[in-house]
Amino acid sequence: MKLKLFLAALLGLATIPALAHHSFYAEFDPNKEVSLEGEVVEMHWVNPHSWLSFAVANEEGVVENWQVEGGSPNVLMRLGWNRDSLPPGTRIRVTGFQAKDGSLRMNSRGIEFPDGRTLELGGSRRD
C-alpha cells in the first residue's frame, strides 16, 4: 500500500513541470507580429523558457518594459548563445508575436543588432 501511495505521489510531482509549459497558440497571437527596438535590461536563463527584458520607448516616448519569451537555456546554447551574448545596455531589435492579452510580452522570432548581426532566440513558433 505504501508503495502505491509513493508511486502516485511521484507521478503527481512529475506532472508539475508540464503545468508550467504552454502552447504558443494558447498565449501568443500569430496575427500580432511586432518588431521593436530597445535596450536590453536583463536576460533570464531559466527553464522551461528563457526571458529577455528590454526597454522600448513607445510612440509617446514613454519607456515600456517588454518581456520576450525564448527557448530554454539548452536551446540557446545550441543556437550559439552564452551568458555574455546579450549584456544589459545592448541595443537590439526584437521581432515576434505579442501576447493575446495585449500585455507587453512576446514570443520571439529573432534579435537583430545595429551592425546587422542576428541571433535566433529559440521561440516556440516555427514556420
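Computed from a predicted structure; not experimentally measured. (Residues numbered from 1 in each chain as written. Predicted model: local features only at pLDDT ≥ 70, side-chain atom pairs only at ≥ 80, totals over all residues. Heavy atoms only, no water.)

## Things to note about the pairing of strand β3 (residues 63-69)
Looking at chain direction, strand β2 (residues 51-57) and β3 are connected through 7 bridges and run antiparallel. Within the sheet, the bridge partner assigned to Phe54 lies in β3 and is Trp66. Counting the residues between successive antiparallel strands, the hairpin from β2 to β3 contains 5 residues, one of them, Gly61, with a positive phi of roughly 85°. (Pairing = 2+ DSSP bridges. Helix = DSSP H or I, 4+ residues; strand = E, 2+ residues; numbered from the N terminus.)

## A word on the pairing of β2
Alignment of strand β1 (residues 28-44) against β2, held across 5 bridges, turns out to be antiparallel. Counterpart to Val40 in the pairing with β2 is Phe54. Where β1 folds back on β2, the antiparallel hairpin that results is connected by 6 residues.

## Remarks on the environment of Leu121
Positionally, Leu121 belongs in the segment after β6 (118-119). We classify Leu121 as buried; its relative accessible area is 0%. Distance from Leu121 to Thr95, taken between C-alpha atoms, is 9.9 Å for residues 26 residues apart in sequence. Excluding anything up to four places from it in sequence, Leu121 contacts Met43, Leu52, Val68, Glu69, Gly70, Gly71, Leu76, Leu79, Trp81, Ser108, Gly110 and Ile111. (Buried < 20%, exposed > 50% of the residue type's maximum accessible area, 1.4 Å probe, protein only. Contact = heavy atoms within 4.5 Å.)

## Digging into unusual backbone geometry
Put simply, Asn47 and Pro48 share a cis peptide bond, and its omega is 5°. Secondary-structure assignment places Pro48 in the loop between β1 and β2.

## Details of the packing of aromatic side chains
Enumeration according to the criterion identifies 0 aromatic pairs in this entry. Just above the ring of Phe113 sits the side chain of Arg117; from NZ or CZ to the centre is 4.2 Å. (Phe/Tyr/Trp six-rings, centres within 6.5 Å; stacked < 30°, edge-to-face > 60°. Lys NZ or Arg CZ within 6 Å of the ring centre and 35° of its normal.)

## Section: the pattern of salt bridges
For the coordinates displayed, the defined rule picks out 5 salt bridges. Its salt-bridge partner being Arg105, residue Glu27 comes within 2.1 Å of it at the nearest N-O pair. Here Glu27 is found in helix α3 (residues 24-27), whereas its partner Arg105 is found in strand β5 (residues 105-112), with 78 residues between them in sequence. For Glu33, the salt bridge goes to Arg109, with nearest N and O atoms at 3.7 Å. Here the residue Glu33 occupies a position in strand β1, and Arg109 occupies one in strand β5, the gap between them amounting to 76 residues. Relative accessible area serves as the criterion here: at 48%, Glu33 is assigned to the partly exposed category. Exposure remark for Arg109: the relative accessible area of 32% places this residue in the partly exposed category. When salt bridges that share partners are traced, they join Glu27, Asp101 and Arg105 into one network. (Salt bridge = Lys/Arg side-chain N within 4 Å of Asp/Glu carboxyl O.)

Remember, this is a structural readout, not a statement about activity or role.
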